[in-house]
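Residue-level structure breakdown
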Amino acid sequence: RKPMKRKYILIFLIVLVAMPVLSLDINNDTDPVAKKRSSFFVSYMKETFPDFKLTDGEYLFILPTGCFNCNRAACNYLLSHPESIRGKYKAILISQSTLDRLSDKILSIDKNILCDKTNKLDRMSFGISGISVLKIQNLTIVASKSLTVSDVQQGPEAFFQKL
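Quick look at unusual backbone geometry
- Even without glycine at this site, N138 takes up a positive phi of about 55°.
- Here N138 lies in the loop between β4 (131-137) and β5 (140-146).
- Among the residues examined, N138 registers a relative accessible area of 64% and is labelled exposed.
- Residue L139 is not a glycine yet carries a positive backbone phi of 60°.
- Within the element layout of this structure, L139 appears in the loop between β4 and β5.
- Its relative accessible area of 42% is what places L139 among the partly exposed residues.

In structure tokens:
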């Protein structure tokens, strides 16, 4: 009986580990949460940045949430290596309150920085935190990733590669 019990426990652990990994980066078109997040994102962009045309591609976010030391390390990396992301993202989004905590130099890392003066960005729920990337296709969030402690330990530059 013990080998059978171990087998079920092993299967349970594999499923438990695999489910979040499979659903973390790729959103299913039938997923109601993904649809809602996409809808919120499109509405937020239209309302906050009416002159900006949302197109397919990747969007970098600098949010006040997540691992503080990780965010600081990534921002320091960006300030010292702006060429690593220049032109890679359709836009870089940051709120005024987050910008106030960082150096104004962050605005010089790319020409496509959108600063949310209303700070609504800090309260939006797109399923990301801290330094993050959303991939948009047909006005739908199709992939996302957020900077982790592991990313920082490997070197923040690896995080800023395409999804």
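Some remarks on the pairing of strand β3 (residues 113-116)
- Covered by surrounding structure in β3 are I113 and C115 together with L114 and D116, the residues of both alternating faces.
- Both strand β2 (residues 91-95) and β3 contribute to a ladder of 4 bridges, which runs parallel. Residue L93 lies in a different strand from β3, and its bridge partner there is L114.
- Each parallel crossover has a hand, and the one from β2 via helix α4 (residues 96-101) to β3 is right-handed.

Structural notes on the state of the cysteines
- Applying the stated criterion across every chain yields a total of 1 disulfide.
- Bridging C67 to C70, the disulfide has an S-S length of 2.4 Å. Taking the torsion about the S-S bond as the criterion, the C67 to C70 disulfide, at about 70°, is right-handed.
- Judged by its relative accessible area of 4%, C70 falls in the buried class.

Some remarks on the nonpolar core
- L60, I85, I131 and F160 are the most contacted members of the largest nonpolar core, which has 21 residues in total.
- Secondary structure elements with two or more residues in this core: β1 (57-62), α3 (68-80), β2, β3 and β4.
- With 5 residues, α3 is the largest single contributor of residues to this core.
- The contacts of L60, once residues within four sequence positions are left out, are L78, I85, Y89, A91, I92, L93, I131, S132, V133 and F160.

Brief notes about the environment of L114
- Turning to its location among the elements, L114 is positioned in strand β3.
- Accessibility expressed as a relative area gives 14% for L114, which makes it buried.
- Spatially, the C-alpha atom of L114 lies 7.8 Å from that of F49, the residues being 65 residues apart in sequence.
- Those residues in contact with L114 that lie beyond four places of it in its chain are M45, F49, F52, A91, I92, L93 and I94.

Points about the environment of R37
- Of note, R37 is situated in helix α2 (residues 32-48).
- Through-space distance from the C-alpha of R37 to that of G127 is 7.6 Å; in sequence the pair is 90 residues apart.
- Apart from residues lying up to four places away in sequence, R37 is in contact with S125, F126, G127 and I141.

Thoughts on the sheet that holds β4
- Strand order in the open sheet formed by 5 strands is β3-β2-β1-β4-β5, with mixed pairing between adjacent strands. What marks the edges here is a single partner per strand, and that holds for β3 and β5. Each strand of the sheet is rotated relative to its neighbour by a mean of 25°, with strand direction disregarded.
- For β4 and β5, the ladder comprises 6 bridges, and the chain directions are antiparallel. When the bridges of β5 are listed, I136 appears paired with I141.
- Contacts between α2 and the sheet are confined to β1, β2, β3, β4 and β5, with β5 contributing the most and set at about 90° to the helix.

Cut-offs and rules
Residues numbered from 1 in each chain as written. Predicted model: local features only at pLDDT ≥ 70, side-chain atom pairs only at ≥ 80, totals over all residues. Heavy atoms only, no water. Helix = DSSP H or I, 4+ residues; strand = E, 2+ residues; numbered from the N terminus. Buried < 20%, exposed > 50% of the residue type's maximum accessible area, 1.4 Å probe, protein only. Pairing = 2+ DSSP bridges. Right-handed = clockwise from strand over helix to strand, strands pointing away. Disulfide = S-S within 2.5 Å. Core = buried A, V, L, I, M, F, W, Y, C linked by side-chain atoms within 4.5 Å. Contact = heavy atoms within 4.5 Å. Axes fitted to C-alpha atoms, helices over the stretch in contact; angles between N-to-C directions.

Any link to function would need more than the numbers given here.
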